[in-house]
Structures are given as structure tokens and as C-alpha cells.
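Now for the letters of each chain:
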Amino acid sequence: MIKIAPSILAADFSRLGEEVKRAERGGADYVHIDVMDGLFVPNITLGPLVIAALRPHTDLPFDVHLMIQRPGRYVKEFAEAGANIMTIHLEAEEEPAETLAAIRDHGSRPGLAIKPNTTLEAAKSLLRDLDLLLVMTVEPGFGGQAFMSEVLPKVEEAREFLDEEGLPIELEVDGGIDVVTAGMAARAGARVIVAGTGVYDGRVGSNIAKIRKSAEDGLESPP
Ligand code: DX5
Ligand code: ZN
């Protein structure tokens, strides 16, 4: 019911292969990989070369979160590097529908992310082309920020809309997720939970288990 996607942004970058394995051994469902270009967000992280280098280290799907301007330019590179899910930002692309179609054509599953101030309405016309909708619960760019609970009504709105329309899209949240906020996000309707600091700060396996338990408890007490 709930998928946990540890973000390697909070892992030790000098030994990423081992960090990805720790997530797998700890029971993760996806590996969340944050790509930042210093333009769409102020921070710079990694690109297709690093993702390709990590690919042999795990069988878990790579959930690649592209925080880059005009991601359509790099669909082929990220698909070839091994991105199973490729999520672009609505705010980063003039013609997101074309890029989402290109992602599918290249054999990856298309995802769309919206920043905290972007409405669900702005994304609605694209939902039919999607496998995953990512509702950001922090401003993208950095790990370790505080969860923005003011975004929860948008998660609820998305859950309601997807259920009403019968759209089989994974609803993901990302940013500031810990044992407490995971429950809040799942209660609001999230089913894929990204956590960086919350997973990698301490024992990965027990952190994943605690976040999963919190989210599953949240699921059982809807708003
Ligand atoms: C933020 C990234 C997140 C980040 C989450 O721009 O998209 O995936 O790694 O980190 P935490 O869980 O520490 O907020
Ligand atoms: Zn992310």
C-alpha cells in the first residue's frame, strides 16, 4: 500500500553504491535520486553518469526527480542511465506534455512534480499522461528542510481527484518527511513517501520501518 523511496541526497556521496544497497537491504521500494542543475534550483547534484554507475548496485527501481530547466533535452540520457521513473517539474518546461510523452517513448515511467505554490489545477490537464504525481512538501533544492504542512490540503485534493477520475497514478510526497509527517502525508492521500534525512540519519532499516509504520497508521485514519 505504501512505498518508501529513500532520497540518496542525504546519503554519503563518497560511497553511493553502498548507500543504495543499504536502502535495498533496509526494505526500500524505490531509490529516489535528486538531480539539480543550479538553474531550476540553486543547488547542483549529479547527472546521468552517476545514475548509470549506480545502476548495477541494486535491482530497486530508480525514481529520478529532475529539478532541471527544460528536462526534455535530457530524456534519452536519463532513460539510458537507468531511470525507471522520470519526474519532471511542471514549472521547468514550456511543453511538459511533449516531454512526458518522450519519457514514455524512451521506456521510462513519466512523473510530474509541482512545487508548494503550484496548484493542482495547473497540472490537471496532464494527469492522464502520467504514472506518478509528486507534490513537493518543501521548496525543491535542498534536503533537511522543514515539512510544509500547508501543502497537505493539496495532497488531499489530488487524492480525491485521482480516486474520482479512476486514475491509477502514484501520489508521491517529498521534503521534510519523518516519522511524524509521514503519517500526516499518508492520511492526506500520499502513497509514495520520499525521505532523505529521515532515512539516512541513523539506522536505515529501522528508519524505513518506522516511517512505513507511521504512513500505514495514517492510511487507516483518513481525514
Ligand atoms: C529536495 C529533494 C528531496 C530531498 C528530501 O529538493 O527533492 O528529495 O532529498 O530530503 P529530506 O527528506 O531531508 O527533506
Ligand atoms: Zn526529490
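See the structure printed just above.
Residues numbered from 1 in each chain as written. Chains lettered and ligands numbered in written order. Predicted model: local features only at pLDDT ≥ 70, side-chain atom pairs only at ≥ 80, totals over all residues. Heavy atoms only, no water.

Student: So what's going on with the site of ligand 1? Which residues, and what values?
Tutor: Residues in contact with ligand 1 amount to 20 residues; listed here are only the nearest, Gly141, Asp174, Gly176, Gly196 and Thr197. Interatomic distance of 2.8 Å between a backbone N/O atom of Gly144 and an oxygen atom of ligand 1. Per-element tally for the shell around ligand 1: the top contributor is strand S2 (residues 31-36), with three residues. Here the residues of the shell around ligand 1 sort into eight nonpolar, ten polar and two charged. (Near = heavy atom within 4 Å. Polar contact = N/O pair within 3.5 Å; in protein donor to acceptor, adjacent residues only side chain to side chain. Helix = DSSP H or I, 4+ residues; strand = E, 2+ residues; numbered from the N terminus. Nonpolar A, V, L, I, M, F, W, Y, C, P; charged D, E, K, R; others polar.)

Student: Explain the sheet that holds strand S6 (residues 132-136) residue by residue, including any values.
Tutor: Where strands meet in a sheet, backbone hydrogen bonds hold them as pairs that are either parallel or antiparallel. The parallel open sheet is built from eight strands, whose spatial order is S1-S8-S7-S6-S5-S4-S3-S2. The sheet is open, and its two edges are formed by strand S1 (3-6) and S2, each paired on a single side. Pairs of neighbouring strands in the sheet enclose a mean axial angle of 25°, with direction left out of account. Bridge analysis of strand S3 (residues 62-67) against strand S4 (residues 85-89) gives three bridges, and the strand direction is parallel. What sits directly across from Val64, in S4, is Met86. Together, strand S5 (109-114), S6 and strand S7 (170-174) form the strand contacts of helix H6 (residues 152-165), whose direction differs from that of S7 by roughly 170°. (Pairing = 2+ DSSP bridges. Axes fitted to C-alpha atoms, helices over the stretch in contact; angles between N-to-C directions. Contact = heavy atoms within 4.5 Å.)

Student: Residue-level account of the pairing of strand S8 (residues 192-195), with values.
Tutor: What you see with S8 is no split at all: Val192 and Val194 on one side and Ile193 and Ala195 on the other are buried throughout. Examined bridge by bridge, S1 and S8 share four bridges and lie parallel to one another. Across the sheet, Ile4 pairs through a bridge with Ile193, a residue of S8. Where S7 meets S8, three bridges bridge the pair, whose relative direction is parallel. Following the sheet pairing, Asp174 is matched in S8 by Val194. Traced from S7 through helix H7 (residues 179-188) to S8, the parallel crossover comes out right-handed. (Buried < 20%, exposed > 50% of the residue type's maximum accessible area, 1.4 Å probe, protein only. Right-handed = clockwise from strand over helix to strand, strands pointing away.)

Student: Outline the nonpolar core, listing residues and values.
Tutor: The biggest cluster of nonpolar side chains holds 64 residues, and the ones touching the most others in it are Ile8, Ile51, Val64, Phe78, Leu133 and Ile193. Here the element with the most residues in this core is H6; it accounts for five residues. Once you skip the residues sitting within four places of it in the chain, Ile8 turns out to touch Phe13, Leu16, Val20, Val31, His32, Ile33, Leu54 and Tyr200. Residues Ala5, Ile85, Met136 and Val138 belong to the second largest nonpolar core, which totals ten residues. (Core = buried A, V, L, I, M, F, W, Y, C linked by side-chain atoms within 4.5 Å.)

Student: Before we move on, can you summarise the coordination of the zinc ion (ligand 2) with the specific residues and values?
Tutor: For the zinc ion (ligand 2), every protein donor is listed as His32 (NE2), Asp34 (OD), His65 (ND1) and Asp174 (OD), and the spread of their distances is 2.0 to 2.3 Å. One can describe the site at the zinc ion (ligand 2) as octahedral: its six donor atoms subtend angles covering 71 to 171° at the metal. In the primary structure, the donors to the zinc ion (ligand 2) are separated according to the pattern H-x1-D-x30-H-x108-D. Placement of His32 in strand S2 and of Asp174 in strand S7 is noted, with a sequence separation of 142 residues between them. Asp174 carries the same exposure label as His32, and that label is buried. (Donors = N, O, S within 2.8 Å, 3.2 Å for Na, K, Ca; no water. Tetrahedral: all angles 85-135°; square planar, octahedral: opposite > 155°, others 65-115°.)

Student: Kindly report on the packing of H6 against H7, identifying the contributing residues and their values.
Tutor: At a minimum axis distance of 8 Å, the contact between H6 and H7 shows a crossing angle of 35°. For the pair formed by H6 and H7, the contact residues are Leu152, Val155, Glu156 and Arg159 on the first element and Met184, Ala185 and Ala188 on the second.

Student: Summarise the side chain of His32; cite the residues concerned and give the values.
Tutor: Exposure remark for His32: the relative accessible area of 0% places this residue in the buried category. Within the local environment of His32, its side chain forms a polar contact with the side chain of Asp174, the two groups lying 3.2 Å apart. Residues in contact with His32, not counting those within four places in the same chain, are Ala5, Pro6, Ser7, Ile8, Asp63, His65, Glu172, Asp174 and Val194.

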